Amino acid sequence: MSYKDFVNLKPRELAEDNDSDNNSDDETITLINDPSNIMYIPHEGRFSNEATTLVDGQSGIREGSSSVVENFRTNRKNSMGLNTSLKQLHYNENKIALDRSINQTIELIYEISNENKVRPIFYPTDIEDDNNILLNSKKAHLALVRNNTSALKAIEKSTNKSQIDQELELESESELPDFKILKLNLKIGHGHSNENDNIVSTLDKKSIATLLEKKFGQLVKYLLNLKDRVDDTTSKVFVTGDLNAGKSTFCNALLRRKVLPEDQQPCTSVFCEVIDASKENNGIEQVHAVPIGKDYNIRDESTYEIYSLKKLEDLVYECDRYSLLKVYVLDHRSLEESLLHNGVIDIKLIDAPGLNMDSYQTTQVFSRQEEIDLVVFVVNSENHFTLSAKEFISTAAAEKRYVFIVVNRFDNIKDKEKCKNRILDQVKNLSPDTYKSAKDFIHFVSSSEIVDKLPDGDGDGDGDGDGNDDNGDNDDNNYPDFDQLEASLRKFILEKRSISKLLPAKNYIANLLNDLQTLSDINQSVYKIEMNEKLQELNNRVAPKYNEMISKSSKVSEIINSIIESTASEIYENVKRNINKVVNELGDKPIVKYQGLQNIYEYARSTQQLMIKQILKSVEANEFNVVKITEEKVSEITKVGQDTLGSEFLHDKVFKSELMFTRKRDLIENQLNFPIDVFDFIDPSIDSCLLWLGLPKEYISQTKTQINYFNPVSVITSVSKSVTSLRQENIPSQISLQLLYSSGKILTTGALLRKLYDFGYLLNFKLLKKVGIPIILGVSGFAVYYLISDIPNAYPRKQAKKLKREIEQLEFSHKNSTRMVKECRQVLNYPARQVSNNFQTSIDKRISEKQTLETSIRDAEISFKYFDELKKKIGYQRGLLESIDLESINVVD
């Protein structure tokens, strides 16, 4: 007998029915006399008297004590009202606390998102694996691990086959670390699992950070919808399941009316939301079809199209036109019977398309999780759970601790116990809390048994088609299994609303905070390890190499600069000395053959040009020597570079000496080519005269040296001028040698002058006239003859003197020395720059590496401290969340 049948029974019929079922004991007789205290318990199939132990401590109610019963009813009503008020107050407080917790969790996600933008968060892709959820047994998991050849080979290296099996057994039994909310699995559609599905592990850190950023945005959106769901006074019951599992049939059985179309083939492809028409549509039964892209607003008819219930059978196929069908129906059953029209809260029953219908519909089913309070998953008892079903339930379990599992078409199963055990074993892995309360949440029914006996409703809302016209005479309308399911569903939604509506939100936030805690722990450990590793690498490898490179670069630069400067100084001195030597040697002897007075001009011009050429030729010779020196120094610098930078340094470069001094020289021909003068041929001197007379040059030079040595001026200047200098000098040596000898020279000179003075009185004018004129004429002739004869020697000497003066004024030797030094520097600077550049490149590389490591260390330290603070905030939020007590009053039996 159903609860509806019991309501329509009369007292006498109750007594007869009770006698037949319970053998008419004394307690049932009292219940019959006062039928207002009788309650029928559907899932136990018996009647119960709530007042049996509440009146004066006696079981039963005495006849004639109607006043006592009335007082009991009043007290009981007041007590229930007070209890309901306390529950509502507790519910409101919990709802406010949950709203606050959701807002604070959103703030945490925003904070983590900002951190992820600055410093990408590490995400452990290697631990993400849904296979442990989708596997049916430990053996299957073990087979999957065995299939992982890389892990197997790693184990084979260190153990034998038996040990491998033991370790695989332990691995399969161990709990795999996994995120419940923060999953980044990229899969090729739902319900398909293979080794190529999860591609997150192949992405780099930046790509994963981008995926995390999108995930954080989805979480914020989800939490905002979750907050709206918590604040919503209605409850949404989401009926879903595999394709052709009988979802629409189950919904019709709950409604006790054929509202949703049924077929052996899948028919529902559009979400159908069944709503009590008496609350929201002015009691009019209609279908509001919401086109794709529209946001439904019952007050705005432009957002939907209106159809009658009869059109629903065609509308459920229009998934390409409509995103949602709002089905408004009337349920004329009593408040105690109707799920939609229950008199407590508004309930919306959502019939979803079957999983695996197509990828789009499957994705839509998965995306509706955030909008629903309770999931009723309908599974075909003949097929059990598909992969899509397991994935959906495991995803729902991340938020909802309890999921109603309806195993439909159970009447078709022969070995019902075996089927129950297999279903329960699968649910145990998918939703442990649901499995623990299997009596309330896992039901084995046959919805078609109820629907097949319902009359076809016309959808007019007049009560003819609501399935309530049974007068209770037919005992076949008693469905204890389905009645127990319906009673559990009503009790869970209406009486345990904190658990059915608020607990999923609390559970979701708790799971999310746990995931954030896990992510923070992992990142803190990762950044601590990274900080230590980078610091060790910086101190042990990069910094020493950097310092070594700086020191080596400084030493090599000093060596190369020393080579360049010493070479420049050497070249300058050598070139200047060589040019001056050539210039000083000009005029020592004729360099052009003298052809006589008739060719004197050609002789002079040729001598002048040849002298200039000798000077220019000396410049060229010096350039040649500079090239050789430069080539040697280039090789020396290159050798220094190869010794410090490696044999590859400038190995492909060749020094081309012929390219040096290719630019126009500083020619002096125009500046030195001055006009020839008569006086250029006259240059008398004692030395030249003596040479002309035939004295040897060596004798002349020696005599000249002695004369200079006996010069009184030099003697006087050589004597010390102060007592101090006399003290510092070797006085005995000077007195005995230089001073005494010089004094003797002075005395001898003086005696000679006195003799000449004494001889002078013998001379007179006549004597001088007779002797002087011939002497003068002889000397003049001798002088003329000497000057003419000395022209071949005089002109070169005179020309050499003029060239020397001009060269000194033009600073010719200095300019050419400077020019050659500059050219040499330019050549030597090339390998020097290459050495310097190579060192600088290596130094820059070390600096960049050093800076990168220092930046990484600094970022790791900042991230480590950040996640440490984040863990404290998460811990504080978890404490606040745990203080929200939802189960002290509403405990799942």
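Structural data are supplied above this passage.
Keep in mind that what you see is a predicted model, and the values were worked out from it rather than measured.

Q: In this structure, what is going on with the overall build of the protein? I would like to understand it.
A: Across its full length, the protein holds 30 helices and 11 strands. Here the protein holds 893 residues, and 41% of them are scored as buried. Within the protein, contacts between residues at least 6 apart in sequence are counted, and of these 81% link residues at least 24 apart. For the protein, the exposed surface amounts to about 49,200 Å²; the carbon and sulfur share of it is 52%.

Q: Which parts of the structure should I look at to understand the pairing of strand β9 (residues 374-380)?
A: In the case of a regular strand, side chains alternate between the two sheet surfaces. Counting buried residues in β9 gives seven out of seven residues, a clear majority hidden from the surface. Going residue by residue along β9, you find L374, V376, V378 and N380 tucked away on one face and V375, F377 and V379 tucked away on the opposite face as well. The pairing of strand β3 (residues 235-241) with β9 spans five bridges and is parallel. Within β9, the residue paired with T240 across the bridge is F377. Here β9 pairs with strand β10 (residues 404-408) via five bridges, running parallel. Following the sheet pairing, V376 is matched in β10 by F404.

Q: What should I look at first to understand helix α14 (residues 387-397) in this one?
A: What sets the pattern is the α-helix's 3.6 residues per turn: residues three or four places apart point alike. α14 sits mainly inside the fold: eight of its 11 residues count as buried. Within the span of α14, buried status applies to S388, A389, K390, E391, F392, I393, S394 and A396.

Q: Sorry if this is basic, but what is going on with helix α10 (residues 247-255) here?
A: For α10, the buried fraction is high: nine of the nine residues fall into the buried class. Buried within α10 are the following residues: K247, S248, T249, F250, C251, N252, A253, L254 and L255. After α10 finishes, the residue R256 shows a positive phi value of roughly 55°.

Q: Whenever I open this one, a negative patch on the surface confuses me. Can you help?
A: A grouping of E262, E382, D411, E449, D452 and D481 is seen on the molecular surface, where their side chains present a negatively charged patch. With respect to the helices and strands, D411 occurs in the loop between β10 and α15 (416-430).

Q: Hey, could you run me through the pattern of salt bridges in this one?
A: Side chains that carry opposite charge are capable of pairing whenever their charged atoms lie near each other. For the structure on display, the rule yields 29 salt bridges. The salt bridge involving R229 is made with D373; its shortest N-O contact spans 3.3 Å. Of this pair, R229 sits in helix α9 (residues 205-231) while D373 sits in the loop between α13 (359-367) and β9, and the two are 144 residues apart along the sequence. With respect to class, R229 is no different from D373; both count as buried. A salt bridge links E849 to R846, with the shortest nitrogen-to-oxygen separation between them at 3.5 Å. Residue E849 and its partner R846 are located together in helix α30 (residues 812-882), separated by three residues, close to a single helical turn. Given a relative accessible area of 17%, R846 falls into the buried group. Three or more residues joined by partner-sharing salt bridges are found here, namely E273, E280, K326 and K348.

Q: Please clarify how the packing of helix α20 (residues 497-585) against helix α21 (residues 600-645) should be interpreted in this entry.
A: When two helices pack together, you describe them by how their axes are tilted relative to each other and by the distance separating the axes. It is at 10 Å that the axes of α20 and α21 come closest, and there the two elements cross at 170°. Here α20 lies roughly antiparallel to α21, going by the angle between them. Considering only the axes of α20 and α21, their crossing is right-handed. For the contact of α20 with α21, the per-class residue count stands at 16 nonpolar, seven polar and four charged.

Q: Please clarify how the sheet that holds strand β7 (residues 322-329) should be interpreted in this entry.
A: Two strands in a sheet stick together by hydrogen bonds in their backbones, pointing the same way (parallel) or opposite ways (antiparallel). Spatial ordering of the open sheet is given by β6-β5-β7-β4-β8-β3-β9-β10-β11, a layout of nine strands whose pairing is mixed. The sheet is open, and its two borders are formed by β6 (305-307) and β11 (442-444), each paired with just one other strand. Here the strands of the sheet are splayed against their neighbours by 20° on average, with no regard to which way each runs. Two strands pair when backbone bridges link them, and β3 and strand β8 (residues 347-351) are joined in this way by five bridges, in the parallel orientation. Note on β8: the bridge partner recorded for V237 is L349. Packing of α14 onto the sheet brings it into contact with β3, β9 and β10, and relative to β9 it is tilted by some 160°.

Q: Help me understand the packing of aromatic side chains in this model?
A: Centre-to-centre distance and the angle between the planes together describe a pair of aromatic rings. This model, assessed by the stated rule, comprises 17 aromatic pairs. Both rings, one in Y296 and one in Y304, keep their centres 5.2 Å apart while their planes meet at 55°; by these two values the pair is tilted. Here Y304 falls in the buried class, since its relative accessible area comes to 7%. Ring-pair connections join several aromatic residues into one group, and the members of that group are F238, F271, F377, F385 and F392. Here the basic side chain of K416 rests over the ring of F410, its NZ or CZ set 5.5 Å away from the ring centre. The residue whose ring lies beneath K850 is Y546, and the NZ or CZ to ring-centre distance is 5.7 Å.

Conventions we followed
- Residues numbered from 1 in each chain as written.
- Predicted model: local features only at pLDDT ≥ 70, side-chain atom pairs only at ≥ 80, totals over all residues.
- Heavy atoms only, no water.
- Helix = DSSP H or I, 4+ residues; strand = E, 2+ residues; numbered from the N terminus.
- Buried < 20%, exposed > 50% of the residue type's maximum accessible area, 1.4 Å probe, protein only.
- Contact = heavy atoms within 4.5 Å.
- Areas by Shrake-Rupley, 256 points an atom, 1.4 Å probe, with all protein chains shown as cover.
- Pairing = 2+ DSSP bridges.
- Patch = residues over 30% accessible without salt bridge, like charges linked within 9 Å, V, L, I, M, F, W, Y side chains within 5 Å.
- Salt bridge = Lys/Arg side-chain N within 4 Å of Asp/Glu carboxyl O.
- Lys, Arg positive; Asp, Glu negative; His and termini not counted.
- Charge placed at Lys NZ, Arg CZ, Asp CG, Glu CD.
- Axes fitted to C-alpha atoms, helices over the stretch in contact; angles between N-to-C directions.
- Parallel < 35°, antiparallel > 145°, perpendicular 65-115°, else oblique.
- Left-handed = near helix turned anticlockwise from the far one by under 90°.
- Nonpolar A, V, L, I, M, F, W, Y, C, P; charged D, E, K, R; others polar.
- Phe/Tyr/Trp six-rings, centres within 6.5 Å; stacked < 30°, edge-to-face > 60°.
- Lys NZ or Arg CZ within 6 Å of the ring centre and 35° of its normal.

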